[in-house]
Amino acid sequence: MRVEDTIEVYVVGEMNIYKAEDNKKTFQSYLTNNKNVILDLSNVTEFDTAGLQILMAFKKSLDAKHKNLYLRAPSELIINILKLLKMDNYFEVIN
Amino acid sequence: MNDELNAIKQTFINESLDLLEAMERSLLKIENSPEDQETINTLFRSAHTIKGSSGMVGYYEIEKFTHTLENTLSSIRDGKLSINRDIIDLLLECKDYISDMIRVYAIEESVLTEEMRIKGDLLKVKLQNLKDEKKVLEKELKESSEIINIEGIWHISVKFNEDILTYGFDPLSFINYMQKIGEVRYIFVNAQKLPPLEELNHEKCYLSFEIGLYTELGKKAIEDIFEFVIEDVKLRILPPNSKVEEYIKLIEELKTDSEKLGEILVNAEVITKKELEDALEEQRNRKVLKGEEKKIGEIIVEEKMAHQPVVDVALEKQKKILESKQRESKTIKVDSEKLDHLINMVGELVIATAGLNQQSMKIGFKEFLESVSIMTRLVEDIREKAMQLRMVPVGETFSKFQRVVRDICKETGKEIELRITGGDTELDKNVTEKINDPLMHLIRNACDHGIETPDVREKIGKPRKGIVKINAYNDAGSIVIEIIDDGKGIDKEKILQKAISMGLIQDNQQLSEREIFNLIFHPGLSTAEDVTKFSGRGVGMDVVKKGIESLRGIIDIDSKKNIGTTVRIKLPLTLAIIDGFMVSVDDANFIIPLEMVIECLELNGFSREDTNQKKYIDLRGEVLPLIRLRDIFYNNGFLPPIENVVVVKVGQQKIGIVVDKLKGEVQTVIKNMGIFYKNYRHISGATILGDGNVALILDVQYLLNGGLVC
Amino acid sequence: MGRTIMIIDDSASIRQVVSLALTKAGYEVVEAEDGQDALNKLQNIKVNLIICDVNMPNMDGLTFLKNLKQLSNHKFTPVIMLTTESQQSLKMEGKMAGAKAWMVKPFKPEQMLEAISKLILP
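Residues numbered from 1 in each chain as written. Chains lettered and ligands numbered in written order. Predicted model: local features only at pLDDT ≥ 70, side-chain atom pairs only at ≥ 80, totals over all residues.

**Overview of the overall build of chain A**
Right, on to step 1. Across its full length, chain A holds three helices and four strands.
Right, on to step 2. When the elements of chain A are put in sequence order from the N terminus, they spell out β-α-β-α-β-α-β.
Right, on to step 3. Relative to its 95 residues, chain A shows a buried fraction of 45%.
Right, on to step 4. Across chain A, every contact between residues at least 6 apart in sequence was considered, and the portion connecting residues at least 24 apart equals 81%. (Helix = DSSP H or I, 4+ residues; strand = E, 2+ residues; numbered from the N terminus. Buried ≥ 20, exposed ≤ 12 C-beta atoms within 10 Å, placed from the backbone. Contact = placed C-beta atoms within 7 Å.)

If you want it as structure tokens, here you go:
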């Protein structure tokens, strides 16, 4: 993973249905760069189905461009949910 | 440049296909020797090489997929995951999938179809689940020494209404809650419907879930997780295989009177009420939308609510319940007194209607007449139906004889088959009860005296097994019951000799075959040489005949040597109705059962004084005793200018009943006389005529035996 | 992470019982006396779940719910409606208005905790 190919995005606070629209718009804006994306999720305080769907859809869009999505240091909340859904291996998690 | 690229691609294709072949060989080898570390290493290296080269050449999808595969293989290599047949199967599937991908991307230079893409996702999930399963197992084995029942996993399929999020519900919270009632063994998050980010509606729920839950709790408890969203979720809960037997037992032991399959399954807690509603809706939908006619059981299995074997058992149960219900509905036990009462009331109704009819004629008001005639017809129908209430199939009585025949066979060493036909022919309940003993006797006779021993039968060219048939059918308002055997037949000579020695007939008397056979009904005339346990002791054919005649029936016998004997009984359908012959003395009406009437004649050929004294007449050379009804019921009154004689026959006896007028045939409903008249034995009952008048039914047999012959 | 639950009921004792059970289970609790009171309080705070009585003075449960659905920062919050057996007909009306989760009074505190854990993540 070369640094110049990658863009880092920090998500702070809620990643739930209330913020779904905002998050979607933010993530979408990074799709145009044609770069790999590192999402720093260490400061996410809320996470729900809406948040998960946005992450999955984001990954799908990046996949289509042959770009990777990395989740960096997801908060325990997110880790727990991914574990619950047995999706530990779905996203590439980095620390 | 293009050529170079093509050359690289070609190299990649050749190399990869070789490697895949090597993989397949390795896998098959490992299956037989799972501990072969060398082969496992080869397998891993093959996958690793494909992954690396596909990434280099730019086939990222192949790279990603092979990456997942490589992870699994590395777990196997490191001993974290042990090989079994299922894993080999899965790995072979993965190998095939990779070769498909190479074909599509590198050879056809195309893209994966949606179907292939989903297949790939599913394989990836399966590969990941392999690892998870191992982890879970390891973790649990560490935590408790208890053996985990992998079989005990419920498969739960959850699909939410896409607006669920806007209602304030988070699907994840429900899934999270599952951990409280059990252990989530696997989850497949189905993102098939999830669009790429650009097209995502952030308020919609696209995900559905396939969950493997290990829990001790039942279906209801699992369904209850979703109680608050039950109307907004498509839920399918397939019980673990291990539950199948438990459910089957539950269904078998279930006490329910519902004959509906769905309700049986709900009562046995195989499916929930909600599932049943869903299944019924699905059934309706399929019919309306696709024109499919599906049974509810099929829907329940197809929709993964229950296993086929469980549904099969429930269907069995349903059949049993239906059968028992039909049996219940076939018979209602009613106190026969109530029935008699009803029939009496109906009789009264008939009479009242007749009265009404006469009144209406007098009034002659057209509309009134019409109404009355409608009512009369209805009342007639009611009478008919009321009479039918007493009718029961004779088959039940017949089937009791099977046991009798079986016992006789056992005792005598004979081989006899009892064949019953016409068992659904109906007969008055009272008659059925009274016919039992005579029939029993006839069956015993047939078996005992009719059918030969197997050896004898064989010698004369008959099958070893004899056949006794009991057959019933309707014939012109009567029921005929035949007992037919294929035995040796009745020996005419023996009967004749015995009858002559008993003085029943004269030596030189000419008798028809039928008359000879009918001699058998005389008391004391039994042709059997040995008296056996079953027949021929005391109770003779005479008793049978009396029994039949007391039911106003006729018995007849026919026999052919070595071919067999047929006994034919003709009975009135009911004791409640008789075909009568009406006569009158003065203004009193009397009914004589029609079947006893032989002929009628005027008495004017004889002088009254003569007959008054002699009390018999000469009927074509035969002495005919006379009974004067006038003498029994009237001491005086005006004699009519011409008296009539009704010649009746009871048994072998004939008498003449002297009456004033002959009135002809009538169908009569017998009404019992009140207790007040119980000493008037020469009357067996009464009937009420259409015009409201009463007619008394003569008990001819009593008249004869009561020494009232003039 | 701290989860905040709002209980709206005009009966102080019900509020108290629920509040006690929830606090014990580790939830933060905000109490409101009726729909209007709740709407006022929601202007300043965010809650993860709302438990709301149907029959209340000033503003009843269903009116509160309709108002809640208009608030962009609260409209996706799950609501458990409290009702009594005799108010079952309200349930139909309530479902139309978007009240999906119902609990019948009286209930045991454990039942409430179960319901809550089905509806929100811990």
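**So, the overall build of chain C**
Right, on to step 1. Secondary structure assignment for chain C yields five helices and five strands.
Right, on to step 2. The buried share of chain C, reckoned over its 122 residues, is 39%.
Right, on to step 3. Here the contacts in chain C between residues at least 6 apart in sequence split such that 60% fall between residues at least 24 apart.

**Quick look at the confidence of the model for chain C**
Right, on to step 1. Residues of chain C with pLDDT of at least 70 account for 96%, and the chain-wide mean is 87.
Right, on to step 2. Confidence, read as mean pLDDT per element, is least for helix H4 (residues 88-96) of chain C in chain C (74) and greatest for strand E1 (residues 4-8) of chain C (95). (pLDDT = per-residue confidence, 0-100.)

**Focus: the packing of helix H1 (residues 20-31) of chain A against helix H2 (residues 49-64) of chain A**
Residue and element names in this part refer to chain A.
Right, on to step 1. Between H1 and H2, the least distance of the axes is 10 Å, while the angle of their chain directions is 15°. By the angle class used here, H1 and H2 are roughly parallel. The chirality of how H1 crosses H2 is right-handed. Listed contacts from H2 to Ala-20, Asn-23, Lys-24, Phe-27 and Leu-31 of H1 are Ala-50, Gly-51, Ile-54, Phe-58 and Ser-61.
Right, on to step 2. For the contact of H1 with H2, a count of residues per class yields six nonpolar, three polar and one charged. (Axes fitted to C-alpha atoms, helices over the stretch in contact; angles between N-to-C directions. Parallel < 35°, antiparallel > 145°, perpendicular 65-115°, else oblique. Left-handed = near helix turned anticlockwise from the far one by under 90°. Nonpolar A, V, L, I, M, F, W, Y, C, P; charged D, E, K, R; others polar.)

**Side note on the interface of chain A and chain B**
Right, on to step 1. Contacts between the two partners involve 25 residues from chain A and, on the opposite side, 26 residues from chain B.
Right, on to step 2. Residue assignment for the side of chain A that touches chain B shows that the elements contributing at least two residues are H1, H2 and helix H3 (76-84) of chain A.
Right, on to step 3. Top contributing element to the side of chain A that touches chain B by residue count: H2(A), with ten residues.
Right, on to step 4. Looking at the side of chain A that touches chain B residue by residue, the classes come out as 14 nonpolar, six polar and five charged.

**A look at the sheet that holds strand E4 (residues 233-238) of chain B**
All names here are of chain B.
Right, on to step 1. Strand order across the open sheet formed by four strands is E2-E3-E1-E4, with antiparallel pairing between neighbours. The open sheet has two edge strands with one neighbour each: strand E2 (183-190) and E4. Averaged over all neighbouring strand pairs, the angle between strand axes comes to 15°, with direction disregarded.
Right, on to step 2. When E2 meets strand E3 (residues 208-214), the two strands line up antiparallel, connected through seven bridges. Bridge pairing links Phe-188 to Glu-210 in E3.
Right, on to step 3. This element, helix H6 (residues 171-181), spans strand E1 (153-160), E2 and E3 of the sheet and lies at about 10° to E3. (Pairing = 2+ DSSP bridges.)

**Focus: unusual backbone geometry**
A negative phi angle is the norm for most residues apart from glycine, just as the trans form is the norm for most peptide bonds.
Right, on to step 1. Of note, the bond from C:Lys105 into C:Pro106 is cis; its omega dihedral lies within 30 degrees of zero at 0°.
Right, on to step 2. In this fold, C:Pro106 is placed in the loop between strand E5 (101-105) and helix H5 (109-119).
Right, on to step 3. At B:Asn562, a position not held by glycine, the phi torsion is positive, near 65°.
Right, on to step 4. Under the C-beta neighbour-count criterion, B:Asn562 is labelled partly exposed, with 13 such atoms within 10 Å.
Right, on to step 5. In this structure, B:Asp586 is a non-glycine residue whose phi angle is positive, near 55°.

**So, the pairing of strand E10 (residues 554-560) of chain B**
Residue and element names in this part refer to chain B.
Right, on to step 1. Of the two faces of E10, only one is covered, namely that formed by Ile-555, Ile-557 and Ser-559; the face formed by Ile-554, Asp-556, Asp-558 and Lys-560 stays uncovered.
Right, on to step 2. Relative to strand E11 (residues 564-572), E10 runs antiparallel, the two being bridged by seven bridges. Among the inter-strand pairings, Ile-557 is bridged to a residue of E11, identified as Val-567.
Right, on to step 3. Count of turn residues in the E10/E11 antiparallel hairpin: three residues, of which Asn-562 carries a positive phi of about 65°.

**With respect to helix H14 (residues 366-389) of chain B**
Right, on to step 1. With 24 residues, H14(B) ought to run about 34 Å at 1.5 Å a step, and its terminal C-alpha atoms sit 35 Å apart, in line with that.
Right, on to step 2. Burial analysis of H14(B) places just one of its 24 residues in the buried class, a small minority of the element. (Expected span 1.5 Å × (residues − 1).)

**Quick look at the sheet that holds strand E18 (residues 653-659) of chain B**
Residues and elements named next belong to chain B.
Right, on to step 1. The mixed open sheet is built from five strands, whose spatial order is E14-E17-E18-E16-E15. Sheet topology places strand E14 (597-602) and strand E15 (616-619) at the edges, where each strand pairs with a single neighbour. Going from strand to strand, the sheet's axes swing by 30° on average, the running direction of each strand aside.

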